[in-house]
Amino acid sequence: MNASPATDTLPGKDPAPAPPTRPDHGLRRFLTDRPPQPQRCGLCATPVADSGHRHLVDTEQRSLMCACPSCFLLMEQPGAGGGRFRPVPDRWLTDPAHHLDDSTWDRLRIPVGVAFFFRNAPLDRLVALYPSPAGATESELDPETWNAVLGRSALARVLRDDVEALLLRRTGDGCRCYLVPIDACYELVGRMRMLWQGFDGGAEARAALDTFFARTEDRARPLNPEDRP
């Protein structure tokens, strides 16, 4: 995820209270010439590239964690870390046979045209989120609606808990559904939060959204029988 901290809290965990600060704390960055701090691996603290590095999901802390190549490879081994740290795969899928019409989308009760869904294994529940000026906003999703709209789809059957999401976009041409890495969804959320202006997001945010989904369309390959959860 570009320009992200070493860890990003995911839904399902209340953020820790912020420590008290001195009144001039927020002014110091204007008064000192401090270089930006490099992103670091959340396990070994090795600096990682600003873009293109991989992520782990910390299933205990419910957070995304930057990972250096060595730590990422280590956590891919069965049983590594006691299963606490789950590598986010680089898997982008689409199912051309799956279609959502407007009435089906309306059952999701999502107020915008973009949403993503993933299964939170430690909490044993499905989570529905959408981008907003405040970041990732959660929407209620009951199991019956999930099963009717997405749960029986081929993409949902191969979705990996915690580390992948079903990403949906509704446009005038219909609704597209993709299976994507969970960090890609939070990258999108971060971009929308940074660029959002006015009631509908503004032209810059809409352009970024179009670019993101054009990239997603290019990367996603059709689901095939070899794909497994």
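What you are looking at is a predicted structure, and each value in this text was computed from that prediction instead of being measured.

Peer 1: Let's hear about unusual backbone geometry: which residues, and what values?
Peer 2: For Arg 62, which is not glycine, the phi dihedral falls at a positive 55°. Given a relative accessible area of 3%, Arg 62 falls into the buried group. Here the phi dihedral of Asp 162 falls at roughly 75°; this positive angle occurs in a residue that is not glycine. Locating Asp 162 in the fold gives a position in the loop between helix H5 (154-158) and strand E9 (164-171).

Peer 1: How would you explain helix H7 (residues 202-219) if you had to name every residue and give the values?
Peer 2: If you check H7, its first and last C-alpha atoms are 26 Å apart, about what 18 residues at 1.5 Å a residue would give, namely 26 Å. Taken residue by residue, H7 has Gly 202, Ala 205, Ala 208, Leu 209, Phe 212, Phe 213 and Thr 216 as its buried positions. When H7 is viewed along its axis, its buried side chains cluster within an angular range of 130° and face the same direction. Exposed residues on H7 whose side chains face more than 90 degrees from its buried face are Ala 203, Thr 211 and Asp 218.

Peer 1: Outline helix H6 (residues 182-195), supporting the account with residue identities and numerical values.
Peer 2: Given a rise of 1.5 Å per residue, 14 residues ought to cover 20 Å, and the 21 Å separating the end C-alpha atoms of H6 matches this to within 8%. With 10 of its 14 residues buried, H6 lies for the most part within the structure.

Peer 1: Which residues make up the sheet that holds strand E10 (residues 174-181), and what are the values?
Peer 2: A sheet is described by the order of its strands in space; here seven strands give the open sequence E8-E7-E6-E9-E10-E5-E11, paired in mixed fashion. Looking at the sheet topology across the chains shown, the edges are occupied by strand E8 (135-139) and strand E11 (221-222). Examined bridge by bridge, strand E6 (residues 114-120) and strand E7 (residues 125-132) share five bridges and lie antiparallel to one another. Across the sheet, residue Phe 117 finds its bridge partner in E7, namely Ala 128. Lying on the sheet, H6 is in contact with E6, E7, E8, E9 and E10; it crosses E6 at an angle near 140°. Sheet strands touched by H7: E6, E9, E10 and E11. Its angle to E9, the strand with the most contacts, is close to 120°.

Peer 1: Please provide a residue-by-residue account of the environment of Gly 135, values included.
Peer 2: Position of Gly 135 among the secondary structure elements: in strand E8. Sequence-wise, Gly 135 and Arg 193 are 58 residues apart; in three dimensions their C-alpha atoms are separated by 5.6 Å. Not counting chain neighbours up to four residues away, the residues in contact with Gly 135 comprise Tyr 130, Val 189 and Arg 193.

Peer 1: Summarise the packing of aromatic side chains; cite the residues concerned and give the values.
Peer 2: Per the counting criterion, the structure on display carries four aromatic pairs. Here the aromatic rings of Phe 116 and Tyr 186 are separated by 5.5 Å at their centres, their planes lie at 75°, and the arrangement is edge-to-face. In this pair, Phe 116 is assigned in strand E6 and Tyr 186 in helix H6, connecting sequence segments 70 residues apart. Taken together, the ring pairs connect Tyr 178, Phe 212 and Phe 213 into an aromatic cluster.

Criteria and cut-off values
Note that residues are indexed from 1 along each chain, following the sequence as it is written. The predicted origin of the model limits local features to residues at a pLDDT of at least 70 and limits the giving and counting of side-chain atom pairs to 80 or more, whereas totals for whole chains, interfaces and linings rest on all residues. Side-chain calculation: all heavy atoms of the structure are included, whereas hydrogens and water are not. When accessible area is computed with a 1.4 Å probe and restricted to protein chains, residues below 20% of their type maximum are described as buried, those above 50% as exposed, and intermediate ones as partly exposed. Put simply, DSSP marks the helices as runs of H or I at least four residues long and the strands as runs of E at least two long, and each gets a number from the N terminus on. To estimate how far a helix should extend, the number of its residues minus one is multiplied by 1.5 Å. Here, the arc refers to the directions that run from the helix axis to the C-beta atoms. The pairing criterion is simple: DSSP has to find at least two bridges between the two strands. Here a residue-residue contact requires only that any non-hydrogen atoms of the pair lie within 4.5 Å. Simply put, an axis is a line fit to the C-alpha atoms, just over the touching stretch for a helix, and the angle between two N-to-C directions goes from 0 to 180 degrees. By convention, a stacked pair of Phe, Tyr or Trp rings (six-membered ring in the case of Trp) has centres within 6.5 Å and planes under 30 degrees apart, an edge-to-face pair has planes over 60 apart, and any other such pair is tilted.

By themselves, these figures tell us nothing about what the structure is for.
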